[in-house]
Amino acid sequence: MEDIKIKIKREIENEIKKSPDQISIVFILNGLIRYAYEMRASDIHLEPFQDKLKIRFRIDGVMHTMFEFPKDIQDEILTRIKILSNLRIDEHLIPQDGRFKYVVEEGEKEFDVRVSIMPTYYGENAVMRLLVESQQVFSLENLGFSRRDLYVITKAIRKPYGMILVTGPTGSGKTTTLYTILKILNNESITIITLEDPIEYSIEGVTQIQVNIQAGLTFDSGLRTILRQDPDIIMVGEIRDRETAKISVNAALTGHLLLSTLHTNDSATVFPRLLEMEIEPFLIASTVNVVIAQRLVRTICQNCKKEKELSDVEINALVGLVPEKIINELREKRTVYIGKGCPTCNNSGYWGRIGIFEVLLVSPNVKKLIMLQRSSDEIKRTAQEEGMATMIEDGFQKVLAGLTTIEEVLRVIHD
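Quick notes on the rules
Residues numbered from 1 in each chain as written. Predicted model: local features only at pLDDT ≥ 70, side-chain atom pairs only at ≥ 80, totals over all residues. Heavy atoms only, no water. Helix = DSSP H or I, 4+ residues; strand = E, 2+ residues; numbered from the N terminus. Polar contact = N/O pair within 3.5 Å; in protein donor to acceptor, adjacent residues only side chain to side chain. Buried < 20%, exposed > 50% of the residue type's maximum accessible area, 1.4 Å probe, protein only. Contact = heavy atoms within 4.5 Å. Salt bridge = Lys/Arg side-chain N within 4 Å of Asp/Glu carboxyl O. Pairing = 2+ DSSP bridges. Axes fitted to C-alpha atoms, helices over the stretch in contact; angles between N-to-C directions. Phe/Tyr/Trp six-rings, centres within 6.5 Å; stacked < 30°, edge-to-face > 60°. Lys NZ or Arg CZ within 6 Å of the ring centre and 35° of its normal.

Engineer: Looking at this structure, how should I read the side chain of Gln208?
Structural biologist: Here Gln208 shows up in strand E9 (residues 207–210). Of note is the side chain of Gln208, whose polar atom sits 3.0 Å from the side chain of Glu196.

What follows is the structure, given as structure tokens:
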């Protein structure tokens with residue numbers, strides 16, 4: 001039986017070879033979304049150039065060029081996307097956002113597609129995010145947390161108040177981590193309310209609110225209203241400004257467990273960031289229970305996984321980039337794994353992703369450093385002395401366990 005991915009790709013390629021007046025735009029767009037779904041892509045990018053429309057997919061966090069469509073059909077494809085998303089088809093000069101539902105098989109699986117359209121020099125650029133809920137039931141264990149980190153997080157989420165903050169760049173899996181924690185905590189005896197921008201997936205039994213800036217529903221105004229709704233647990237999609245930070249801290253002080261995200265490079269940098277938002281040091285020390293910093297690394301394809309013996313030259317090249325204890329472990333073990341590439345993984349050598357983490361417990365010693373407004377480096381050193389593994393250490397433990405590659409960890413950490 002012919003592989004469905006090969007079949008869909010061939011059908012799209014055959015369709016775009018036709019003359020512009022014979023091409024079915026509906027067929028092409030449906031095929032494009034279905035192909036992205038089968039390839040496990042998270043995003044479809046439609047990028048206009050002078051003489052073509054380039055189609056790229058983001059798969060496991062990395063961009064791949066899939067097609068180059070004729071320039072003649074660019075406007076028709078964008079119009080079709082706008083119609084599906086209920087956007088203005090006569091507007092080409094301002095950004096527009098929308099979403100629509102895509103049905104994979106009639107009466108079976110369906111998912112939302114979030115659309116962002118932006119005017120550029122050669123026409124409108126469109127990005128479609130495929131909000132496909134994974135068949136995998138996520139738990140903290142299969143997200144990739146170590147035994148020590150699992151213990152710290154499990155203990156922190158059982159506290160009736162305080163803050164759990166997840167930090168990292170866009171696309172580092174922060175929302176998945178928060179949703180996983182919410183699903184663990186969710187039961188009939190408590191009320192959970194979230195404030196998100198946007199709502200990625202629905203969680204049964206949780207009240208989810210979409211931020212709407214045009215209507216005046218911002219993170220800070222929404223959070224004030226939520227506190228009057230008698231919640232036990234609150235999730236705020238992101239602490240972006242001083243007002244949201246202050247209300248979040250007050251909520252955590254007054255008997256609520258509050259989960260949220262920030263954009264910082266590592267776990268210890270969260271504390272100077274909150275100080276910049278004019279949160280008093282004693283309030284930070286009193287409310288923050290745990291900070292989770294994270295990135296996503298691609299995992300080695302199990303279908304084409306093979307051993308690789310590291311040479312002295314390869315190990316020595318890592319000196320200065322990674323801690324000395326990791327170098328010593330690599331010298332001792334020598335054997336790592338790579339994916340050589342196969343049809344299953346689209347010849348990339350990778351299939352799927354796993355998190356690498358840095359879980360900072362706000363212990364009594366860390367609290368003292370926060371109160372004294374010490375540097376993030378000093379806070380990080382103290383946390384390491386108390387058992388915290390840095391992200392690069394966690395990443396290399398996953399290399400030694402055969403889950404990912406050295407190149408992948410370095411790419412994510414040093415990008």
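Engineer: Explain helix H16 (residues 406–414) here, please?
Structural biologist: In an α-helix, one turn spans 3.6 residues; hence positions three or four apart end up facing the same way. Listing the buried residues of H16 in full gives Ile406, Glu408, Val409, Leu410 and Val412. Elements in contact with the buried residues of H16: strand E12 (288–300), strand E15 (350–361) and helix H15 (391–400).

Engineer: I would appreciate a short explanation of the pattern of salt bridges in the present structure.
Structural biologist: Pairing is possible between side chains of opposite charge, provided their charged atoms come close. Scanning the model with the defined rule gives 31 salt bridges in all. Residue Asp112 pairs with Arg99 through a salt bridge whose shortest N-O separation is 3.1 Å. Residue Asp112 is located in strand E5 (residues 110–120), and its partner Arg99 is located in strand E4 (residues 96–103); the two are separated by 13 residues in the primary sequence. Relative accessible area serves as the criterion here: at 31%, Arg99 is assigned to the partly exposed category. Of the charged contacts in the structure, one is a salt bridge between Glu243 and Arg224, with a shortest N-O distance of 2.9 Å. Pair noted here: Glu243 is in helix H8 (residues 242–253) and Arg224 is in helix H7 (residues 219–227), with a separation of 19 residues, a long-range link.

Engineer: How should I be thinking about the environment of Asn212 in this particular structure?
Structural biologist: Take Asn212: it is sitting in the loop between E9 and H7. In the structure, Asn212 is positioned 173 residues away from Met39 in sequence and 32 Å away in space, judged by C-alpha atoms.

Engineer: How should the sheet that holds strand E11 (residues 257–262) be read in this particular structure?
Structural biologist: The pairing of strands in a sheet comes from backbone hydrogen bonds and takes either a parallel or an antiparallel form. Strand order in the open sheet made by the seven strands is E9-E8-E10-E11-E7-E12-E15, with mixed pairing throughout. Strands at the two margins of the open sheet, each flanked by one partner only, are E9 and E15. Neighbour-to-neighbour, the strand axes of the sheet open up by a mean angle of 20°, direction not taken into account. The strands touched by helix H6 (residues 174–185) are strand E7 (162–167), strand E8 (192–196), E9, strand E10 (233–236), E11, E12 and E15; relative to E11, the strand with the most contacts, the crossing angle is about 170°.

Engineer: What am I meant to see in the packing of aromatic side chains here?
Structural biologist: The relation between two aromatic rings is expressed through the spacing of the ring centres and the mutual angle of the planes. Evaluated as defined, the whole model comprises eight aromatic pairs. For the ring pair Phe145 and Phe357, a centre distance of 3.8 Å and an interplane angle of 20° mean the geometry is stacked. With a gap of 212 residues between them, Phe145 in the loop between helix H4 (140–143) and helix H5 (147–157) and Phe357 in strand E15 connect regions that are remote in the sequence. Phe357 matches Phe145 in its accessibility class, with the two residues each being buried. Following the ring pairs from residue to residue traces out a cluster consisting of Tyr35, Phe57, Phe67 and Phe69. Of note, Arg40 hangs over the ring of Trp351, and the distance from its end group to the ring centre comes to 3.6 Å. Over the ring of Tyr350 we find Arg298; its NZ or CZ atom is 4.1 Å from the centre of that ring.

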